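# Survey of secondary and tertiary structure
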Amino acid sequence: MMTASRLLGRAKGSITVFLSLTGILVMALLGTLLETARYTVCENHAGRTTRTAAEALFTEYSRPLYENYGLFFIEDTGTPFEKVISRYAGDTMEGAGRGDMDFLRGEIRQIEVTDKTYAGDYGAGPLQKEIRQYMMRSLTEKQLEKFVKRREKLASVEKRAEEIEELVEEEKKEGELDRQLLELMKMIDGISIKNGKISCGKVFVKMFVTGEKKGQDFGVTQACVWKKMKKRLDDTPVKWEKLDPGKFKKRVEDVLKLTKSAEKKAEQLRQAYGSMTGQSEFADHREKAMKLLNSMSALRVNEKILQESSRILGGTLTEESREQLKVLWKDYDTKSIAFDYTGVSEKGGAENPLDSLGAGWGNGILNLVCSDVKNISGACVDSPDHYAKFYREEDTESEDCGKKVDAFADDQSVSLSGAMGNMGIYGMDEFCLDTYISEKFGSYVKKLQKEKTWKKALAYPCEYIVSGRSSDRENLKSVLERILLIRTVVNFTAIYKDAGKKAQAYELALAIVGFSGMEPLVRLTQTLILILWSLVEGMVDVAGLLQERNVPLAKSPSQVLTNIGQLFAITNAAIVQRAKKFGKAKEKSFGYQEYLLLFLACMRQSTRRYRVMDLIQWDMVKNGYSYFELGTCVFSIDVSAGFSFPSRFFRMAVIEKMLGRDVREISSTCKITQSYV
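Small disclaimer: the values here were computed from a predicted structure and weren't measured.

Scanning the protein chain for helices and strands turns up 24 helices and 6 strands. Residues counted as buried form 50% of the 677 residues belonging to the protein chain. Sequence-distant contacts, at least 24 apart, represent 80% of the contacts inside the protein chain between residues at least 6 apart. On the protein chain, roughly 33,000 Å² of surface is accessible, and the fraction owed to carbon and sulfur atoms is 51%.

This part takes up the environment of Ser156. Take Ser156: it is sitting in the loop between helix 5 (141–152) and helix 6 (157–189). Separated by 334 residues in sequence, Ser156 and Val490 have C-alpha atoms that sit 9.5 Å apart.

Moving on: the layout of surface pockets. With a probe scaled to a water molecule rolled over the atoms, the places where space remains empty come into view. Empty space within the largest pocket amounts to approximately 770 Å³. Contributing to the lining of the largest pocket are 26 residues, with Arg179, Leu182, Ile193, Lys194 and Asn352 lying nearest its centre. Among the elements of the structure, helix 6, strand 3 (191–194), helix 12 (353–361), helix 15 (401–411), helix 19 (499–513) and helix 20 (519–546) are those that each provide at least two residues to the lining of the largest pocket. In terms of residue class, the lining of the largest pocket is built from 12 nonpolar, 5 polar and 9 charged.

Bringing the pattern of salt bridges into the picture now. Applying the stated rule across the entire model yields 28 salt bridges. Of the charged contacts, one joins Glu174 and Arg286 as a salt bridge, the two residues approaching to 3.0 Å between their closest N and O atoms. Here Glu174, found in helix 6, pairs with Arg286, found in helix 9 (residues 283–294); they are 112 residues apart in sequence, far enough to count as distant. In terms of burial, Glu174 and Arg286 fall into one category: buried. The residue Lys249 makes a salt bridge to Glu253 at a minimum N-O spacing of 2.4 Å.

With that out of the way, let us pick up the nonpolar core. In this structure, Val369 and Tyr592 are the most contacted members of the largest nonpolar core, which totals 196 residues. Of the residues forming this core, the biggest block, 17 residues, is contributed by helix 20.

Another aspect to go through is a positive patch on the surface. A cluster of like positive charges, contributed by Lys197, Lys202, Lys227, Lys228, Lys231 and Arg232, occupies part of the molecular surface. Tracing the sequence through the fold places Arg232 in the loop between helix 7 (223–230) and helix 8 (245–275).

For strand 5 (residues 633–646), the buried fraction is high: 12 of the 14 residues fall into the buried class. Bridge count for strand 1 (residues 74–75) against strand 5 is 2 bridges, and the pairing is antiparallel. Bridging from a neighbouring strand, Ile74 pairs with Val634 of strand 5. Two strands pair when backbone bridges link them, and strand 2 (residues 107–118) and strand 5 are joined in this way by 10 bridges, in the antiparallel orientation.

Before going further, it helps to examine the packing of helix 15 against helix 18 (residues 472–496). Axis separation between helix 15 and helix 18 bottoms out at 8 Å; the angle between their running directions is 60 degrees. With respect to each other, helix 15 and helix 18 are oriented oblique. Listed contacts from helix 18 to Cys401, Gly402, Lys404 and Val405 of helix 15 are Glu481, Arg482, Leu484 and Leu485.

To continue, consider helix 11 (residues 319–329). The set of residues buried in helix 11 consists of Ser321, Leu325 and Trp329. Along the axis of helix 11, the buried residues cluster in a sector spanning 70 degrees; they form a single face. In this structure, helix 11 carries Glu319, Glu320 and Val327 as exposed residues pointing more than 90 degrees from its buried face. Tucked inside the fold, the buried residues of helix 11 contact helix 8 and helix 10 (298–313).

Moving on: the packing of aromatic side chains. Throughout the structure, instances matching the rule amount to 27 aromatic pairs. Taking 6.1 Å as the distance between ring centres and 80 degrees as the angle between the ring planes, the aromatic pair formed by Phe208 and Tyr332 counts as edge-to-face. Residue Phe208 is located in the loop between strand 4 (197–200) and helix 7, and its partner Tyr332 is located in the loop between helix 11 and helix 12; the two are separated by 124 residues in the primary sequence. Assigned by exposure class, Phe208 and Tyr332 land together as buried. Here Tyr444 and Tyr460 contribute two aromatic rings whose centre-to-centre distance is 5.4 Å and whose plane-to-plane angle is 70 degrees, an arrangement assigned as edge-to-face. Of this pair, Tyr444 sits in the loop between helix 16 (428–440) and helix 17 (461–467) while Tyr460 is found in the loop between helix 16 and helix 17, placing the two residues 16 residues apart along the sequence. Judged by relative accessible area, Tyr460 falls into the buried class, the value being 3%.

Structurally, the position occupied by Asn68 is in helix 2 (residues 63–69). In terms of polar contacts, Asn68 uses its side chain to reach the backbone carbonyl oxygen of Pro64, at 2.9 Å.

On to empty space enclosed by the protein, then. Counting across every chain of the model gives 1 cavity of 30 Å³ or more. The space that makes up the largest cavity amounts to roughly 70 Å³. At the level of elements, helix 15, helix 18 and helix 20 are the ones that each hand at least two residues to the lining of the largest cavity. Of the residues forming the lining of the largest cavity, the biggest block, 3 residues, is contributed by helix 15. The class makeup of the residues in the lining of the largest cavity is 7 nonpolar, 3 polar and 1 charged.

Secondary-structure assignment places Gly274 in helix 8. Expressed as a C-alpha distance, the spacing of Gly274 and Met290, which sit 16 residues apart in the sequence, is 8.1 Å.

Counted at 1.5 Å a residue, the expected span for helix 9 with its 12 residues is 16 Å, and the 17 Å between its end C-alpha atoms agrees. Buried within helix 9 are the following residues: His285, Arg286, Ala289, Leu292 and Leu293. On an axial view of helix 9, the arc spanned by its buried residues comes to 125 degrees, and they lie on one face. The exposed set on the far side of helix 9, more than 90 degrees from its buried face, consists of Asp284, Glu287 and Lys291. Against the buried residues of helix 9 lie helix 6, helix 8 and helix 20.

Reading guide: rules and limits
- Every chain is numbered on its own, with residues counted from 1 as its sequence reads.
- Totals for whole chains, interfaces and linings use every residue, but because this is a predicted model, local features are given only for residues with pLDDT of at least 70 and side-chain atom pairs only at 80 or more, for both listing and counting.
- Computation of side-chain values covers all heavy atoms of the structure but excludes hydrogens and water.
- What counts as a helix is a DSSP run of H or I of at least four residues, what counts as a strand is a run of E of at least two, and both are numbered from the N terminus.
- Burial status follows relative accessibility: with a 1.4 Å probe on protein chains alone, a residue under 20% of its type maximum counts as buried, one over 50% as exposed, and anything between as partly exposed.
- Every residue pair with non-hydrogen atoms within 4.5 Å of one another is taken to be in contact.
- Per-residue accessibility takes into account occlusion by the displayed protein chains alone, with areas from the Shrake-Rupley method and a 1.4 Å probe.
- A cavity, in this analysis, means grid points on a 1 Å lattice covering only the protein atoms where a 1.4 Å probe fits yet has no way out; a pocket is instead an open set bounded by protein on both sides within 12 Å along at least five of seven lines, and a residue lines either one if it has an atom within 4 Å of a point.
- Grid points are joined across faces, edges and corners, and a volume is the space filled by probe spheres set on the points.
- Three classes are used, and their members are as follows: Ala, Val, Leu, Ile, Met, Phe, Trp, Tyr, Cys and Pro are nonpolar, Asp, Glu, Lys and Arg are charged, and the others, Gly among them, are polar.
- Note on definitions: salt bridges are taken to be side-chain nitrogens of Lys or Arg within 4 Å of carboxyl oxygens of Asp or Glu.
- We call a set of buried Ala, Val, Leu, Ile, Met, Phe, Trp, Tyr and Cys residues a nonpolar core when their side-chain atoms join them within 4.5 Å.
- Like charges within 9 Å and nonpolar side chains (Val, Leu, Ile, Met, Phe, Trp, Tyr) within 5 Å are joined into patches, using only residues over 30% in relative accessible area that form no salt bridge.
- Charge convention: Lys and Arg are scored as positive, Asp and Glu as negative, and His as well as the terminal groups of each chain are ignored.
- To locate a charge, take NZ of a lysine, CZ of an arginine, CG of an aspartate or CD of a glutamate.
- We treat two strands as partners when DSSP finds at least two bridges between them.
- As a rule, the C-alpha atoms of each element are fitted with a line to give its axis, helices using only the stretch in contact, and angles between N-to-C directions run from 0 to 180 degrees.
- In what follows, roughly perpendicular refers to angles from 65 to 115 degrees, roughly parallel to angles under 35, roughly antiparallel to angles over 145, and oblique to any angle outside these ranges.
- Note that the arc is computed from the directions linking the helix axis to the C-beta atoms.
- Classification of ring pairs uses Phe, Tyr and Trp, with its six-membered ring standing for Trp, and accepts pairs whose centres are within 6.5 Å; under 30 degrees between planes counts as stacked, over 60 as edge-to-face, and the remaining range as tilted.
- Pairs of N or O atoms within 3.5 Å make up the polar contacts considered here, provided that, within protein, one atom can donate a hydrogen while the other can accept it, and that residues adjacent in sequence are counted only when both atoms are side-chain atoms.
- Here the expected length of a helix is defined as 1.5 Å per residue gap, with one fewer gap than residues.

Without other data, these values stay purely geometric and don't point to any function.
Printed below as a string of structure tokens:
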């Protein structure tokens with residue numbers, strides 16, 4: 001039997017072992033908790049170190065880029081970003097290993113820049129962010145609202161342009177048929193009226209005299225017309241004794257060819273008039289035209305006579321063949337087809353002012369509206385839309401409005417729509433970009449103070465952003481032609497609703513056409529004169545804008561400075577002088593710069609940004625930074641960093657034994673994105 005003292009000793013020993021084991025477990029738990037807490041602190045320290053090192057890298061921005069354009073970007077050249085970040089991070093880690101912070105002591109295992117976002121990426125989105133941050137310091141929502149309201153005042157221009165085009169197309173349907181009737185008249189009667197003069201061609205269907213040489217026998221009752229026709233007639237068919245077989249055969253064949261053409265055109269016109277159905281104010285005119293065209297059946301009889309005459313004249317001419325010719329030509333018809341020359345006067349009509357447009361417009365808009373053409377900048381660049389092409393953006397070309405004026409001058413084709421562009425939703429982002437462009441880049445009328453010390457590759461950079469051409473001259477020309485089309489539409493609205501001006505245009509149209517009976521053609525000519533009037537007044541408006549004058553955004557008829565007589569004198573001197581009648585621009589005036597902003601607002605944002613990049617790139621090179629490439633400037637980076645920290649509490653022998661491994665260090669990996677905004 002065990003004694004009491006032995007039992008007591010064994011109990012004390014058990015308690016000691018239990019307490020020892022418990023103490024070890026508590027110490028291990030505390031060590032683990034401490035090491036875990038320290039690991040969390042080290043992880044946070046690694047993240048902060050990586051971020052501050054990346055931030056330190058971004059302090060190395062391009063100084064001239066910021067000073068001249070207010071933009072923060074870092075050039076991706078020279079020392080790799082990883083080395084710079086490692087250097088800054090190494091300083092932080094080394095400092096943490098000293099003094100009271102030595103529990104944060106660790107080592108950098110790896111730093112890698114896994115991705116870079118450049119200025120032009122995502123439609124030059126990074127550039128937009130920089131610009132917005134820069135401009136938001138000075139812009140307000142009220143300023144945006146003010147611009148949008150002024151922009152909306154021109155919102156109806158595109159619709160009005162389409163209405164004018166539709167009006168012309170409607171009038172052309174019948175007016176053009178009248179024009180073709182005039183061509184047919186020239187073929188048959190030889191008569192044409194142009195530039196205020198009646199003339200008669202050398203070869204025409206009715207040129208042969210087969211009876212008396214009287215106007216009635218040729219379907220002509222107007223003395224001034226008969227006077228011209230009479231001089232061109234060939235009386236061989238009534239004076240066979242003077243027949244020159246060779247010459248007469250040549251004339252017969254020429255007239256035969258013309259007769260066939262006249263028959264073909266007459267049939268085309270007959271079908272065209274026949275296809276026109278429905279009520280029309282010109283119904284009586286159609287009926288009259290169809291009656292005239294039905295009389296063209298006489299051409300078939302004449303054609304047979306001409307063909308047979310050509311055959312006879314091609315052989316040996318005998319008395320018998322001469323008799324055959326005499327018999328044949330008795331049936332040659334010059335009387336059945338009678339055109340209506342009502343309204344034609346001795347003077348023949350008036351000169352067409354549209355011919356003056358061709359002469360004046362031939363040298364281009366710059367030579368018509370600029371006060372000092374010689375001083376227009378001749379600067380140019382080699383590769384317009386460089387960054388748009390680099391990023392493969394399509395359709396950067398702006399519409400060539402000059403071609404529309406060319407078409408109007410050449411063949412009276414009317415195309416006024418498309419000058420405004422796409423007036424979609426316009427927000428603060430767009431407003432920041434466009435205001436930045438206006439402030440940082442000059443134009444033809446806005447020279448920036450900075451330009452005296454900072455050289456510019458183009459003298460009119462705003463115009464480049466709008467048009468994207470290679471030279472200042474082409475960009476300015478493109479912008480002015482675009483403004484001209486807008487002003488033409490605006491002015492047409494004012495002129496068209498003025499009864500007096502419409503009456504003047506009608507009288508001139510009547511005199512130009514010379515035929516009061518061809519009302520559709522007169523009406524079409526009247527409309528074309530009104531468009532020309534609006535166009536010339538638009539040139540005066542553009543000249544006024546370039547002179548920084550107060551050109552009304554919308555005009556009343558009384559504000560139109562051009563009169564109908566001035567349509568015949570489309571010259572630089574006349575236009576520039578007339579523009580001086582506008583008063584000086586006021587604060588609320590919608591001037592040249594506002595039109596530029598309007599065009600910018602109608603453009604795709606990415607196109608504007610890429611062209612801003614082009615300009616900055618060219619300017620930096622021009623100012624001596626020949627190796628600068630905005631396209632390689634970085635806006636943001638993704639960084640992956642690996643760190644290791646030596647373990648402290650896990651190094652205790654008892655904890656190592658419990659864990660079953662030797663934990664000498666703790667690894668930490670962090671990923672961050674760093675940018676300028």
